[in-house]
Amino acid sequence: MDAFDPAAFADYLARQERKDLLRFLTCGSVDDGKSTLIGRLLYDTKLLFEDQLAALQKDSVKHGTVGEDIDFALLMDGLEAEREQGITIDVAYRFFATEKRKFIVADTPGHEQYTRNMATGASNADLAVILIDARKGVLTQTRRHSYIASLLGIKNVVLAINKIDLVGYSEAVFETILADYHSVARELAFTSIQPIPLSARFGDNVTQRGDNLSWYRGPTLLEHIETVEVRGSESERAMRFPVQWVNRPNLDFRGYSGTLASGIVSVGETLVVASSGRTSTVKSIVTFDGEKPRAVAGEAVTITLADEIDISRGDLLCDADQRPEVADQFSAHLIWMHDEPLIPGRNYLFKIGCKTVSGSVTEIKYKVDVNSFQRLAAKEVALNEVSVANISFREPIAFDAYAGNPATGGFIVIDRLTNLTVGAGMIDFALRRASNIHWQAVDLDKQRRGEAMGQRPAAIWFTGLSGAGKSTVANLVEKRLFAMGKHTYLLDGDNVRHGLNRDLGFTEADRVENIRRVAETARLFVDAGVIVLCSFISPFRSERLLARELLEPGEFIEVFVDTPLHVAEKRDPKGLYKKAREGRIKNFTGIDSPYEPPERPEISLAGGMAAPEDLANQVIDYLRTHGYV
Amino acid sequence: MPLPVPAPAPAPAKTDRLMPQSPAMQAAELTHLQRLEAESIHILREVAAEFHNPVMLYSIGKDSSVMLHLAKKAFYPSPPPFPLLHVDTTWKFREMITFRDQAAKDARMDLIVQTNQEGVKQGVTPFTHGSSVYTTIMKTDALKQALTRYGFDAAFGGARRDEEKSRAKERIFSFRNENNGWDPKNQRPELWNLYNARVRKGESIRAFPLSNWTELDIWQYILKEQIPIVPLYFAAKRPVVHRDGQLIMVDDERLPLAPGEEPEMRMIRFRTLGCYPLTAAMESPAATLPEIVHEMLIARTSERSGRLIDHDEAGSMEKKKREGYF
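Residues numbered from 1 in each chain as written. Chains lettered and ligands numbered in written order. Predicted model: local features only at pLDDT ≥ 70, side-chain atom pairs only at ≥ 80, totals over all residues. Heavy atoms only, no water.

The name given to chain A in an unreviewed UniProt entry is Multifunctional fusion protein, and the organism recorded there is Jiella flava.

Given below as structure tokens:
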């Protein structure tokens, strides 16, 4: 290889090109020697460069934990702060290749609080290497790692029983651990488990067999990952093509660009747009390198169809004989990934394939303890917890169960206000009733009803701190409207809490549900043609946004009664602030629970600065100038 | 020899695998380069579909050449629906500039060239201000100026995770706050190929379509796809001086020569391209693509060692990225 021989080298390159790709993740805790194992793989496959080695030797003296030797873990731990703490805290990716395969390794941490990182690494992995410290055997964390790998659909596991040198290379220890592990794995959905005794620090059974484990007949770690067949049967599954981008360079060309998620697509084949049921045939499969007669799962192509049918980003093109389900309500497994807990009823965005829809969790059926696999009752789901929940989307989407097709059954959850990715989910099945509830089309609509009453129906939503003066102003506004001959109704805490929402308390989850019910009720009133006034603290932007989105544009008028906390607290009409300050009321807005002021309210009232009558006038003026009355 | 060592022909792994693989499935398998290409195209399209105003940061190097090639593929027959942005420090190799203009023209894309004029006025050069200050002012600041001026909400970069440790942990859609800063401790989880593209006004995403490529993948792909690259990657006789154990090419008369320093003609090439006073050359006879790949395979130093800016201190790249460097 040292001298350049063009013919031999061309042959070498041709072999390189035929390699396939294996993505795997390693799971284990800091002490299991996970980073050391990957460092060892890179070192033994000669993929470290001299300057990296030199830097590593320098770093080993400074940060290392293994005395004079090279600390391979330092190769993996990327970020400065983590190096100082001596732990890996996020997902890091490493690359190496052998003659047979190219590998992408996701290294994820093993601590309980980092379930989210492991799920992230597992979502794109074909195989999981689960590390066990031979001295400790199967631990709680082993169960957790196995559960998450299985949940994300990983079928192939390597059970790396590390530090076997520290138990005298004992076969008996190995056998005991293996038996223990099989009892864990019985409850999970793996199709293959390869146990390998090894020592990452000394290299036994990583890439070289060594002399210490003569009783072991199986492959080394490298031999196994080089040869194991893991790739799912993406191309054998039903054809699914999520439309990512509509390609229209000119009026004569209309193509649908995307990555074939599963199956095979061929020219002349009949496809169906899952959501509309419209069908057409594939006219061509276009790529930069020319047209193709067919494309297989994983390929990024552009499809043109024989007919002009309405297709946009987010649509799913499918094999007409193997259609996906279309529904708006599902049962799904959810992994929560944010400090703020998942709250039923709260509005989130869900991204599935190329489609983003709004929706909410309607019911948490149970939480799963990832350590014991036990089901637990739950009202909220916190960071790193796994639950099974019912989810409702605002519109129907096409999907497959995650177990049958991860590409069309997995979704992420995005917080509408912070835009953070707060969760991930895997659809199990559609809820049957979803397809059985149909909207009743009625001839009489709200516009007609409103016209008959001489008004434009709307919900006027007063938000602000307790004692801000919301109900006082709302009452005055209603009286004025009544005097004008308008049809109104006032919803406030007093008339709702005692009836409709009698079953709700004051936890965050209950408060969200409270507002959801009020918003739905307000919507019915608006539908009836009424101007409905709602007076609620409603401290969270996301809940007010939910109410706003239930209504048509222009039907939701947010009135921010902006009274400073010290003024409201001084008024304290019901003595609630006093109690809250004394700790006798929990979760009181402004004291130990936040109030999120509106960013762009239709009307902002300077509470405490003007007489309530003047504030009411401002609202009436708004309604007049905007044509509601 | 850093060549992958052939494994000692292991026996087929004995596992309790339940699903046999059918021949049809094997035929449908993609090679690793095909997978990487498809993944990159998916990322490029996702950004174009989700953002209002994306841009591709084009550095003229081999990775940028691959990224641009992938963009042409992703949107074909349309041209890529975003402009190219080049941050010109005024110290790039002359051949890079020629190549850049031609590449943009061939791709039918608009080219925006951004130079920090304030820095030029203040006379900021690699020689007067040191590589660190110079890089901050002429690269990082210039980039931030362009992103602000044009209101780009997404910018493609050609960085790869195998280049540097802090990059190994960066997301493919990497969030930047309104100051273009990166917070490595607070990254959005990234699952499957579902990228969260939601940003508020002023915030942005840096998208890295080549995240999972290695240097060897890049070269193999350039070879396979016959992608044009700047001639500086190929060995030729060029004028150089020796400095701190590295070879610096004298690309124009602005390079200050120390007393007694005399440029000499050497057969050199570059593994990485940037500002010429900060980019070390290597002596090499490799004048064709296969020769370059061959040489790379027996190389014993990693790629970024030719970039002087990374040498300042451990963790220097992470610091730069927090401040808004790409």
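Read on for the rest.
Below, the discussion takes up the overall build of chain B. When helices and strands are counted, chain B shows 10 helices and 10 strands. Out of the 326 residues belonging to chain B, those deemed buried represent 61%. (Helix = DSSP H or I, 4+ residues; strand = E, 2+ residues; numbered from the N terminus. Buried < 20%, exposed > 50% of the residue type's maximum accessible area, 1.4 Å probe, protein only.)

Across its full length, chain A holds 18 helices and 27 strands. Of the contacts formed within chain A by residues at least 6 apart in sequence, a portion of 71% connects residues at least 24 apart. Total accessible area on chain A is roughly 25900 Å²; 50% of this is exposed by carbon and sulfur atoms. (Contact = heavy atoms within 4.5 Å. Areas by Shrake-Rupley, 256 points an atom, 1.4 Å probe, with all protein chains shown as cover.)

What follows deals with the packing of aromatic side chains. All names here are of chain A. The tally for this structure, following the rule as stated, stands at 32 aromatic pairs over all chains. Between Phe9 and Tyr12 the ring centres are 5.7 Å apart and the planes differ by 25°, which places this aromatic pair in the stacked class. Of this pair, Phe9 and Tyr12 both sit in helix α1 (residues 6-17), separated by 3 residues, roughly a single helical turn. For the pair Phe9 and Tyr12, a shared accessibility class is recorded, and that class is buried. With 4.9 Å between their ring centres and 45° between their planes, Phe350 and Phe393 make a pair best called tilted. Taken together, the positions of Phe350 in strand β17 (residues 347-352) and Phe393 in strand β20 (residues 386-399) put the pair 43 residues apart, joining distant regions of the chain. Note on accessibility: Phe350 and Phe393 belong to one class, buried. Cluster of aromatic residues (ring-pair linked, three or more members): Phe330, Phe350, Phe393, Phe399 and Phe411. (Phe/Tyr/Trp six-rings, centres within 6.5 Å; stacked < 30°, edge-to-face > 60°.)

Looking now at the UniProt feature "binding site: ATP" (unreviewed entry) in chain A. Residues and elements named next belong to chain A. Under the present numbering, the feature "binding site: ATP" (unreviewed entry) in UniProt falls on Gly464, Leu465, Ser466, Gly467, Ala468, Gly469, Lys470 and Ser471. On the secondary structure map, Gly464 appears in the loop between β23 (458-463) and α12 (470-483). Inspection of the secondary structure assignment puts Ser471 in helix α12. (UniProt positions renumbered as here; feature names shortened; annotations may be inferred.)

Residues and elements named next belong to chain B. Where helix α8 (residues 215-225) contacts helix α9 (residues 289-297), the two axes come as close as 10 Å, and the packing angle between them is 165°. Between α8 and α9, the crossing angle belongs to the class labelled roughly antiparallel. In this structure, α8 meets α9 at a crossing whose hand is left-handed. Mapping the contact onto sequence places Glu215, Leu216, Trp219, Ile222 and Leu223 in α8 and Leu289, Pro290, Ile292, Val293, Met296 and Leu297 in α9. (Axes fitted to C-alpha atoms, helices over the stretch in contact; angles between N-to-C directions. Parallel < 35°, antiparallel > 145°, perpendicular 65-115°, else oblique. Left-handed = near helix turned anticlockwise from the far one by under 90°.)

Residues and elements named next belong to chain B. Strand order across the open sheet formed by 6 strands is β3-β2-β1-β4-β6-β5, with mixed pairing between neighbours. Strands at the two margins of the open sheet, each flanked by one partner only, are β3 (111-114) and β5 (173-176). The average angle at which neighbouring strand axes cross in this sheet is 30°, direction not considered. Bridging between strand β4 (residues 154-156) and strand β6 (residues 204-207) involves 3 bridges; their strand directions are parallel. (Pairing = 2+ DSSP bridges.)

Residues and elements named next belong to chain A. Take Thr36: it is sitting in helix α2 (residues 34-44). Given the relative accessible area of 17%, Thr36 is considered buried. With 167 residues separating them in the primary sequence, Thr36 and Gly203 have C-alpha atoms 10.0 Å apart.

What follows deals with the environment of A:Lys367. Residues and elements named next belong to chain A. Considering the arrangement of structural elements, one finds Lys367 in strand β18 (residues 355-368). A sequence separation of 19 residues divides Lys367 from Val386, and the C-alpha atoms of the two residues are 5.8 Å apart. Among residues more than four places away in sequence, those in contact with Lys367 are Gln374, Arg375, Leu376, Ala377, Ala378, Glu380, Val381, Glu385, Val386 and Ser387. Only 3.2 Å separates the side chain of Lys367 from the side chain of Glu385, close enough to count as a polar contact. (Polar contact = N/O pair within 3.5 Å; in protein donor to acceptor, adjacent residues only side chain to side chain.)

Glancing now at the pattern of salt bridges. If you walk through the whole model with that rule in mind, you get 53 salt bridges over all chains. With a shortest N-O distance of 2.7 Å, A:Arg581 and A:Glu569 are connected by a salt bridge. Here A:Arg581 is found in helix α17 (residues 576-581), whereas its partner A:Glu569 is found in helix α16 (residues 565-571), with 12 residues between them in sequence. Look at A:Glu569 and you get partly exposed, because its relative accessible area is 22%. Between B:Glu203 and B:Arg200 there is a salt bridge, with its nearest N and O atoms 3.7 Å apart. In the salt-bridge network here, residues are joined through shared partners; they are A:Asp289, B:Glu37, B:Lys73, B:Lys224 and B:Glu225. (Salt bridge = Lys/Arg side-chain N within 4 Å of Asp/Glu carboxyl O.)

All names here are of chain A. Counted residue by residue, helix α6 (residues 115-123) has 9 buried out of 9 residues, so it is predominantly covered. Taken together, the buried positions of α6 are occupied by Thr115, Arg116, Asn117, Met118, Ala119, Thr120, Gly121, Ala122 and Ser123. Looking at the buried side of α6, the elements it contacts are β1 (20-27), β3 (101-107), α7 (140-151) and β16 (325-336).

Turning our attention to α12(A). Residue and element names in this part refer to chain A. Here α12 spans 20 Å end to end across 14 residues, near enough to the 20 Å set by a 1.5 Å rise per residue. Along α12, the residues classified as buried are Lys470, Val473, Ala474, Val477, Glu478 and Leu481. When α12 is viewed along its axis, its buried side chains cluster within an angular range of 135° and face the same direction. Residues of α12 that are exposed and angled more than 90 degrees away from the buried face: Lys479, Phe482 and Ala483. On its buried face, α12 is in contact with β23, β24 (488-492), β25 (531-535), β26 (556-561), β27 (603-605) and α18 (612-625). Positive phi appears at Gly485, one or two residues downstream of α12, with a value of about 85°. (Expected span 1.5 Å × (residues − 1). Arc of directions from axis to C-beta.)

With that settled, consider unusual backbone geometry. All names here are of chain B. The linkage connecting Tyr76 with the following residue, Pro77, adopts the cis geometry, with an omega of 5°. Of note, Pro77 is situated in the loop between α3 (62-75) and β2 (84-87). In this structure, Thr90 takes a positive phi of about 75° despite not being glycine. One can find Thr90 in the loop between β2 and α4 (94-106).

Residues and elements named next belong to chain A. The 6 strands are arranged β2-β3-β1-β4-β5-β6 in an open sheet whose pairing can be described as mixed. Pairing within the sheet leaves two strands with one partner each, and these edge strands are β2 (92-97) and β6 (192-197). Between one strand axis and the next, the sheet turns by 25° as a mean value, whatever way the strands run. Here β1 runs beside β3; their pairing, made up of 7 bridges, is parallel.

In a packed pair of helices, the relevant descriptors are the angle between the two axes and the axis-to-axis distance. Residue and element names in this part refer to chain B. Where helix α2 (residues 32-50) contacts α8, the two axes come as close as 11 Å, and the packing angle between them is 95°. In terms of orientation, α2 and α8 fall into the roughly perpendicular class. Where α2 approaches α8, its residues His32, Leu33, Leu36 and Glu37 are matched on the opposing element by Asp217, Gln220, Tyr221, Lys224 and Glu225. When its residues are assigned to classes, the contact of α2 with α8 shows 3 nonpolar, 2 polar and 4 charged. (Nonpolar A, V, L, I, M, F, W, Y, C, P; charged D, E, K, R; others polar.)

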